Each structure stands twice: as structure tokens, then as C-alpha cells.
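Here is what each chain is made of, one letter per residue.
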Amino acid sequence: MNRRKWMLAAAQAPLAACAARTSPAQPRLESEVVRLKLRHTWTTVMSSSQHRDNLHVRYTADGVTGRGEAAPIVRYQESAETARQMVEAFAPLLVQRDPWQFAKVMDFLFRWRSGQYAAKAAVDIALMDWVGQKLGVPLYRYFGLDRTDAPVTTFSIGIDTPEITRQKTREAADFPVLKIKVGLDTDEATIEAVRSVTRKPLRVDANEGWKDKEEAVRKINWLEKQGVEFVEQPMPAPMLEETRWVRSRVHIPILADEACLHPADIPRLAGAFDGVNIKLMKCGGILEAFRMIQIAKSLGMKTMLGCMIESSIGISAAAHLSPLVDYADLDGNLLIANDPYVGVKVEKGRLILPDSPGLGLRPA
Ligand code: MG
């Protein structure tokens, strides 16, 4: 779409009301709900779905457009619509501010409204993409990182029948490490289905599925024998003392996901968990995720960058920090059939960071 057509469309679209109110020379923040179609029906203990509605945002100032994404998390009372409301309400405040003061802007946004961290992440990602493009550096360079340190990403296999689990495992042949979702009565059958196809290392995510600490110990010790490297969130997030009890009786690491949302959560998790799964959508963006990685490392904990079902906007944003972490689970864009962008790529499981400025996105 050329600029003229775009402006006409923007003037007609209520979602882009901010753009219509401001002249082209003024900064603007636009948002749009985007339906991402899943390649396979995606099932965890929490939900099952065939598509995801995310919010894509564009921040334009001084001739450069930064892109951001919110992948709202239902568990935290977020939806594409609540994210859109937050971004639209913030837009008139953002466009008056200096984007070079991005840390000050984000500090203001975090104090301005509580909750809606996916929406906050969308604003943070768009600002950081803008800053990187204006400076002419990829974000990993802005953070002083080496792109060749980017880790292997796991490819996630959702809960399914043994037959489909075997098929998905075969389709993931290029990935040297798989992440298997468990947490139901079918755990053993799921792992056996994977193991009937491959001997590669596995990581397991129980998504809080085991409610009994003895059951958790039994399952984790069985998983260790199946070649599982670590287990993510075996028990419900509030069951911290039970998780500490479990950890003292198993040998493989236990990582926190649902128990670890924000920087302030991390110190109390040390001792109950060996590491944390940090997600931009849980914490509110790149700057906050960077802070969490540093806090976890300072406590001697393992670090992992994870994701929701996201397009290449959100996944590339996380990937630019990935040279800092021990583990990556950044496959959300690979699970969708209509990703509008190309950014970070995966070769034999390794994350290949784009070398162009900002997030390094181009249209698909
Ligand atoms: Mg998880």
C-alpha cells in the first residue's frame, strides 16, 4: 500500500484514530489486531486453539517506523482488545515524548497503568526497534552482544495424541532439542511417543500440571531416565514450598515460568528453582527482560528466554537478547502459518539474528 492509500485507510479506520488526528510530520502510534493462524491446533494444560489474536503496533517519528507486538496472556486478564485499549490510551501521551528517552518513557508507562504487560511490551519493542534503526545498529549490538553466542532454540510440541505427537516429532527433525508439553494423565504416553521417533535431548514443560509433590518427584525422576534435560514449572506457581521440596529430591534442573513474571519475583524463587523462563510478554518488553536476565544471573540462576505464540516481531525482539541466556525457547513464529514478517531465522535449531538495524524485520 502506498503512503497516500495508507493515510486514506488510516483516516477511515478507528484503530488508527491517532494517525488521523496528527499531521504526517508528528510522531504517531498505530495499532492493529492481527489474527495469527496456527499450523497445528495448539494444546497445553491451559488451552487449545487454532489461531491467536495479537496486537501489532507501529511507532513512527522522524521518518522511521519501529514495530512492536503484544501477545496477550489470558491468564493475566489480557486480550488483543485490552492491549489495544491500553496502546490507544497511551498513544497521545507517547507522541508528545522524546523517543530517545525510551527508558524514561517506559518507566512512565509502567507507573501510568498497572497490568497489561503484553501491551507495554508492544510499546517497548516498537521504541527499541525505532532506536536501533535510528542508530543504524541491530539491537543485539546496541546491548553489546555477540550474535554468534545466540543459543539453540527448542521446538515445542503441544499435547496431542501419540500418533500426532510422533508426526510432529518427525516434522521437527531439524531441531537438535525439543520441548515437550506435559502435565496431563497422558505424560508417559506422550514421552514414549516422542522417544519412539528420536533420541535427541528433550526439555519438558508441565505448565503447573502436577498438583501433588510426590507425583512431581516421581514424574521428574522418570523423565530424567528418558533423557530430559530440565523441567519447567512442574507445580502451580503459588506452590513454592512444595516446589522447593521437589527440587531437593530430583537431579535435573527445575525452571520457573508461571511463577516468574517480573524482576521482583526472582529473588524469592532462588532455592526453589534452578532458573527462570523470561518472556517479554510477561514482564513488559526488552528493557525489563534484560533487567530480569541480570538479576537471575546475579543470583546464580539459569536463564531462558521463552515466548508466546508471536509473529517475527516479538520473537526477533527476544532473540536479540538471546546471546545472554543459557536456553532459548523462541519458536512462536514457527508455529504460525501467516507470519507477516521475516526477522530472526533458525538454522538447525540455532537462532540466526538479523544483522540489519533495530529488530531487523522485513515483510514476509
Ligand atoms: Mg512454560
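Residues numbered from 1 in each chain as written. Predicted model: local features only at pLDDT ≥ 70, side-chain atom pairs only at ≥ 80, totals over all residues. Heavy atoms only, no water.

1. Section: the overall build of the chain
Then step 1. Secondary structure assignment for the chain yields 14 helices and 15 strands.
Then step 2. Relative to its length of 364 residues, the chain is compact, with a C-alpha radius of gyration of 20 Å against a globular reference of 21 Å.
Then step 3. Principal-axis analysis of the C-alpha atoms gives the chain an extent of 65 × 40 × 35 Å.
Then step 4. For the chain, buried positions account for 56% of its 364 residues.
Then step 5. Taking all contacts inside the chain whose residues are at least 6 apart in sequence as the whole, residues at least 24 apart take part in 67%.
Then step 6. Computed over 48 positive and 44 negative side-chain charges, the separation of the two mean positions in the chain equals 4 Å. (Helix = DSSP H or I, 4+ residues; strand = E, 2+ residues; numbered from the N terminus. Rg over C-alpha atoms; globule rule 2.2 N^0.38 Å. Buried < 20%, exposed > 50% of the residue type's maximum accessible area, 1.4 Å probe, protein only. Contact = heavy atoms within 4.5 Å. Lys, Arg positive; Asp, Glu negative; His and termini not counted. Charge placed at Lys NZ, Arg CZ, Asp CG, Glu CD.)

2. With respect to the sheet that holds strand E9 (residues 275–278)
Then step 1. Spatial ordering of the open sheet is given by E4-E5-E6-E7-E8-E9-E10-E11, a layout of 8 strands whose pairing is parallel. The sheet is open, and its two borders are formed by strand E4 (155–157) and strand E11 (327–328), each paired with just one other strand.
Then step 2. As paired strands, strand E8 (residues 254–256) and E9 are joined by 2 bridges and run parallel to one another. From the neighbouring strand, Leu-255 faces E9, where its bridge partner is Gly-275. (Pairing = 2+ DSSP bridges.)

3. Section: the domain arrangement of the chain
The accessible area lost on association of the parts is a frequent measure of interface size.
Then step 1. If you check the domain split of the chain, you get domain 1 (28–136) and domain 2 (141–363).
Then step 2. If you average the C-alpha positions of domain 1 and of domain 2, the two centres end up 22 Å apart.
Then step 3. Between domain 1 and domain 2 the total buried area reaches about 3,500 Å² when both faces are included, carbon and sulfur atoms providing 68% of it.
Then step 4. For the interface between domain 1 and domain 2, the tally reads 1 salt bridge.
Then step 5. Linking domain 1 with domain 2 are 15 residue pairs in polar contact (both at pLDDT 80 or more).
Then step 6. Those elements that provide at least two residues to the side of domain 1 that touches domain 2 are strand E1 (28–43), strand E2 (48–61), strand E3 (64–70), helix H4 (102–112) and helix H5 (117–135).
Then step 7. Class assignment of the residues belonging to the side of domain 1 that touches domain 2 gives a composition of 20 nonpolar, 10 polar and 10 charged. (Domains from an automatic or database assignment. Buried area = accessible area lost by both parts, 1.4 Å probe. Salt bridge = Lys/Arg side-chain N within 4 Å of Asp/Glu carboxyl O. Polar contact = N/O pair within 3.5 Å; in protein donor to acceptor, adjacent residues only side chain to side chain. Nonpolar A, V, L, I, M, F, W, Y, C, P; charged D, E, K, R; others polar.)

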